[in-house]
Structures are given as structure tokens and as C-alpha cells.
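# Descriptive structure summary
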Amino acid sequence: MSRIVSGVAGGLPLVSVPGTGTRPTTDRTKEALFSWLESRGWLEGTAVLDLYAGSAALGCEAASRGAGEVLSVEKHGKAAGVCKRNAETLNSKLGRTAVRVQNASVDTALQQLTPGQWDLILADPPYDLDGEQLNRSLELMDAVLDERGLLVLERSTRSAEPQWPQRLDVIEQRDYGETRLYFLRPRDDEQPARR
């Protein structure tokens, strides 16, 4: 069983997806990621898109730490059901609808979203999602990311670095055990950097 690490709902238990079809982000990686985001002002009041959500643990963590709105997208029905249970538990704790869940493939969901709508995208695709399929999904993510936004992609340290959309630059890369986090921002010299 996982839990919310910190924020208003810190310690709140979350339901895990049964079986071995999902790969939850470890508490160590989650704490490091959210400490990085929080210290740079990427959570308070932001619109967060949680892709390949699994149990929605990352989306729920973002909401607990002050995100204004979170949309968690999960394709698989059983996992989407777990996402909804966790979102309901967190929303009840917060007293507002902070996390919504969409049961759809990531690409389908991205094609339905408004361009430039999201301040922060957290993407944790299956490690076997690679090559052209991942590159296509990254292009769709880029399209819905705000021009001053941030995309965080979780991969295996053994996975090849993806082919990034032309507009995005890797501003930082961090390894936590077998996990690699890529932090990407749109390239635009005229826009002030966000905190």
C-alpha cells in the first residue's frame, strides 16, 4: 500500500493496483521529485496532467502539495478504477475536487485537450513503451504544455534517451536507483523562467 508523502493529505493511504501490470514510482523517487518541484514553485496553484497514472499516486501527491487541478489519465480499466478510488479519497480529505480521472489512452486524451493548457505534466509510461510510439506521445504532450510549463518524464536508466520534441530542452536529468527523471522546458528565450 502506498501513501501520500507530504502536504495537506500527508500520510493518507492510497490503494495500489493489484497484480504486476503497473510499476509504481518508489517513495524515494516520489519524495525527490516533489521536493524538486516544490522548491522551484511548480506545485502551488498549477494545472497538473498525470499521464500513465497507474494508481494516480503522483497526481494525488501533487494535489496534496497545492496543485490547483489535476487530471490523471489511465488506459487500463482496473487501474483507472483504483485511480478513481484514490482521487475520491483525496478529494474528500481536501474538501474539493482537486483530482479528476479519465479512463482513456494517453494519446486519445492528449488529442482532446486544449493546447497550452497544462503547467506541469508528469509522465510515467511503461518502460516497454519506446521508439516511435513514445516519440509520438511526447509530441502530443508538448502540444498541451504551457509555453512556460514543465514536463517530467520517468524512464528506466537502461532505456535509451527518447527523441525529444523540437521545442523542448532537457534542463536537468536525475537518477534514483533504476529510475531516471528527465525535466524538460519549452525553448523560448523571450519568456521569463518560472521561479
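Below is a short write-up of the structure. If you're wondering where the values come from, they're calculated on a predicted model, not measured in any experiment.

The residue Arg167 is located in the loop between strand 7 (145-156) and strand 8 (168-176) in this model. Residue class for Arg167 comes out partly exposed when judged on its relative accessible area of 27%. If we ignore the near neighbours within four places in the chain, the residues touching Arg167 are Asp142, Leu145, Asp146, Glu147, Arg185, Pro186 and Arg187.

So, on to the packing of aromatic side chains. Under the definition given, this model contains two aromatic pairs. Their ring planes at 65 degrees and their centres at 5.0 Å tell us that Trp164 and Tyr182 sit as a pair that is edge-to-face. With Trp164 in the loop between strand 7 and strand 8 and Tyr182 in strand 9 (residues 179-186), this pair connects stretches of sequence that are 18 residues apart. Comparing Trp164 with Tyr182, the two get one shared label, buried.

Membership of the largest hydrophobic core comes to 34 residues, with the highest contact counts inside it found for Leu33, Leu37, Leu122 and Val152. The set of elements that each furnish at least two residues to this core consists of helix 1 (27-39), helix 2 (57-64), helix 3 (77-94), strand 5 (99-103), strand 6 (118-123), strand 7 and strand 9. Dropping the residues within four chain positions of it, Leu33 is found in contact with Leu58, Leu122, Val152, Leu181 and Phe183.

Calculation criteria
Residues numbered from 1 in each chain as written. Predicted model: local features only at pLDDT ≥ 70, side-chain atom pairs only at ≥ 80, totals over all residues. Heavy atoms only, no water. Helix = DSSP H or I, 4+ residues; strand = E, 2+ residues; numbered from the N terminus. Buried < 20%, exposed > 50% of the residue type's maximum accessible area, 1.4 Å probe, protein only. Contact = heavy atoms within 4.5 Å. Phe/Tyr/Trp six-rings, centres within 6.5 Å; stacked < 30°, edge-to-face > 60°. Core = buried A, V, L, I, M, F, W, Y, C linked by side-chain atoms within 4.5 Å.

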